[in-house]
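# Structural features, examined
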Amino acid sequence: MIPENYDEKVDWLFNQFPVFQKVGSSAYKPTLDNTLALIQFFNVPIDKMKFVHVAGTNGKGTTCSIIASALTAAGKRVGLFTSPHIKDFRERIRVNGEKIGANQVVDSIDRIQNTDFDFSPSFFEMTWVMALAHFHKEKCDVVVVETGLGGRLDATNVILPELSVITNIGLDHVAILGDTRAKIAGEKAGIIKKNVPVLIGESDDEIKPVFIEAANRNRSPIFFLPEQNDEHTFETNKRLAFKAIDFLLKGDSRLDSIKKTALKDLYKNTGLYGRNQLYSAEPLVILDAAHNVMGVQRFIQDVQKKYTNKNVRVLYGASNDKDLAEIFKLFPEEWEYYFTEFNSQRSMKIDDFKSVNKINEKKVSFFSDAKKAFAMAQELNNKQDMLIVFGSFFLLEEII
């Protein structure tokens, strides 16, 4: 049962502390001191807990979810920490697919409100430590953790994991993490810990040496996932997650069965959605959280490979820190586009879309209301058409 004051308390948490999801890079706290102080405040013995730590530019949430689902299928009690949420704050904190209780969220926020801290933690730091307290209380066998931003100074980087995983490296959050892939790789490699194995999903000549150097410095065994061309993004994430499971459940004779069950029960075990998600079969509507250049490129490639006989209509909304010029270069000219604002102070505005003259104007419409744009795009769909919706978690939140 949801307490009457749940929404009020969560709103306070959002408003009281900086939230990257709402205000962008100004919410980023480049230190672990606040997190360590909060862990001490909540009395969470993180040194007695087991973790899997996942960083990377794209695919973190999917990879974490598949790992967590497989561990659940293996009979483990599994905590899962991911971000951002789409509809409900509690999506970020789950145990075997079950969201943290609303009463526990309210109780945790009450403790915060009744404490006079001598520092100003961020929303993410507070949420992360709330999650740790929940996972400890629930006696989780293992906790699968998605980094928030970067790795080296991310609030989650206070843990000592059983395994570190880095999905891939692209140019995103360059103002914070660096303006080259090598610099960003260095920040992500910050999750590599002494003597802890690390698994790398994608690498190339620019970033591979960065990972090798970090692993050697920490005496950490390092493994690179073999590259496979013309592979859908979900398949790449799945292969990486399953390689992690091979390590975590080494010697378990049920591995094949566990992996099949992990995929079959993925939503039940993790609540994962908004990743190449089939929203509707007739009319055909696909939702995805692709939001940076690498993610958008891969999502578009997946659509082009899988739906070769469809006329594609796009509903796109972006946060105002995204590189529209680079993203628009990826948009096929033959597709039809609905560019929309959404209900957030970080939303890209109509004038911003119009300022990037990269799309055939005959195939572009602009909207200030995402729900109206979605409804209109759906109405026009017939059997030869499909609608894809992507660009921001905020956009998905408004239409799901």
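A brief report on the enclosed structure follows. Only a predicted model underlies this, so the values are computations on that prediction, with no experimental measurement involved.

### Re the overall build of the chain
When you go through the chain residue by residue, the secondary structure sums to 17 helices and 14 strands. Relative to a compact globule of 400 residues, whose C-alpha radius of gyration would be 21 Å, the chain shows 21 Å and is just as compact. In terms of principal-axis extent, the alpha carbons of the chain reach across some 60 × 50 × 40 Å. Across the 400 residues in the chain, those meeting the buried criterion constitute 57%. Considering only intrachain contacts with a sequence separation of at least 6, the fraction spanning at least 24 residues in the chain is 76%. The distance from the centre of the 51 positive side-chain charges to the centre of the 53 negative ones in the chain is 4 Å.

### Quick notes on the side chain of Lys60
The topology assignment puts Lys60 in helix H4 (residues 60-73). For the buried residue Lys60, which engages in no salt bridge, the nearest side chain bearing the opposite charge is Glu146, 4.1 Å off. Not counting residues within four places of it along the chain, the set of residues in contact with Lys60 comprises Val54, Ala55, Glu146, Thr147 and Thr167.

### Looking at unusual backbone geometry
The omega angle of the peptide bond from Ser83 to Pro84 is -5 degrees, so this bond is cis rather than trans. Looking at where Pro84 falls in the secondary structure, it is placed in the loop between strand E2 (78-81) and strand E3 (93-95). In the Ramachandran plot, Asn96 falls in the positive-phi region, its phi being about 50 degrees despite a non-glycine side chain. Relative to the elements of secondary structure, Asn96 occurs in the loop between E3 and strand E4 (98-99).

### Quick notes on the sheet that holds E3
An order of E4-E3-E2-E5-E1-E6-E7-E8 is seen for the eight strands of this open sheet, with the pairing classed as mixed. Each edge of the sheet is formed by a strand with only one pairing partner; in this case those strands are E4 and strand E8 (222-224). Relative to E4, E3 is paired through two bridges, and the arrangement is antiparallel. Within the sheet, the bridge partner assigned to Val95 lies in E4 and is Glu98. With respect to the sheet, helix H6 (residues 123-137) is in contact with strand E1 (51-55), E2, E3 and strand E5 (142-146), its orientation differing from that of E3 by roughly 15 degrees.

### Quick word on H6
The terminal C-alpha atoms of H6 lie 21 Å apart, and with 15 residues this matches the ideal 21 Å at 1.5 Å per residue to within 8%. Positive phi appears at Lys139, one or two residues downstream of H6, with a value of about 55 degrees.

### Points about the nonpolar core
Formed by 40 residues in total, the largest nonpolar core has its most connected members in Phe51, Phe89, Trp128 and Phe135. Looking at this core, the elements with two or more residues in it are helix H1 (6-16), helix H3 (33-42), E3, helix H5 (102-113), H6 and E5. Among the elements that line this core, the one with the most residues is H6, at ten residues. Apart from residues no more than four positions distant in its own chain, Trp128 is found in contact with Thr35, Phe51, Phe81, Val145, Ala155, Thr156, Val158 and Ile159. Membership of the second largest hydrophobic core comes to 28 residues, among which are Cys64, Leu80, Leu163 and Leu272.

### Comments concerning the pairing of strand E10 (residues 284-287)
Neither face of E10 is open: one carries Leu284 and Ile286, the other Val285 and Leu287, and all of them are buried. Where strand E9 (residues 277-280) lies against E10, three bridges are found, and the strand directions are antiparallel. The residue of E10 that forms the bridge with Gln277 is Leu287. Between the antiparallel neighbours E9 and E10 lie three residues. Here four bridges tie E10 to strand E14 (residues 385-390), and the two strands are oriented parallel to one another.

Criteria and thresholds
- Residues numbered from 1 in each chain as written.
- Predicted model: local features only at pLDDT ≥ 70, side-chain atom pairs only at ≥ 80, totals over all residues.
- Heavy atoms only, no water.
- Helix = DSSP H or I, 4+ residues; strand = E, 2+ residues; numbered from the N terminus.
- Rg over C-alpha atoms; globule rule 2.2 N^0.38 Å.
- Buried < 20%, exposed > 50% of the residue type's maximum accessible area, 1.4 Å probe, protein only.
- Contact = heavy atoms within 4.5 Å.
- Lys, Arg positive; Asp, Glu negative; His and termini not counted.
- Charge placed at Lys NZ, Arg CZ, Asp CG, Glu CD.
- Salt bridge = Lys/Arg side-chain N within 4 Å of Asp/Glu carboxyl O.
- Pairing = 2+ DSSP bridges.
- Axes fitted to C-alpha atoms, helices over the stretch in contact; angles between N-to-C directions.
- Expected span 1.5 Å × (residues − 1).
- Core = buried A, V, L, I, M, F, W, Y, C linked by side-chain atoms within 4.5 Å.

Shape is all these values report; function is a separate question.
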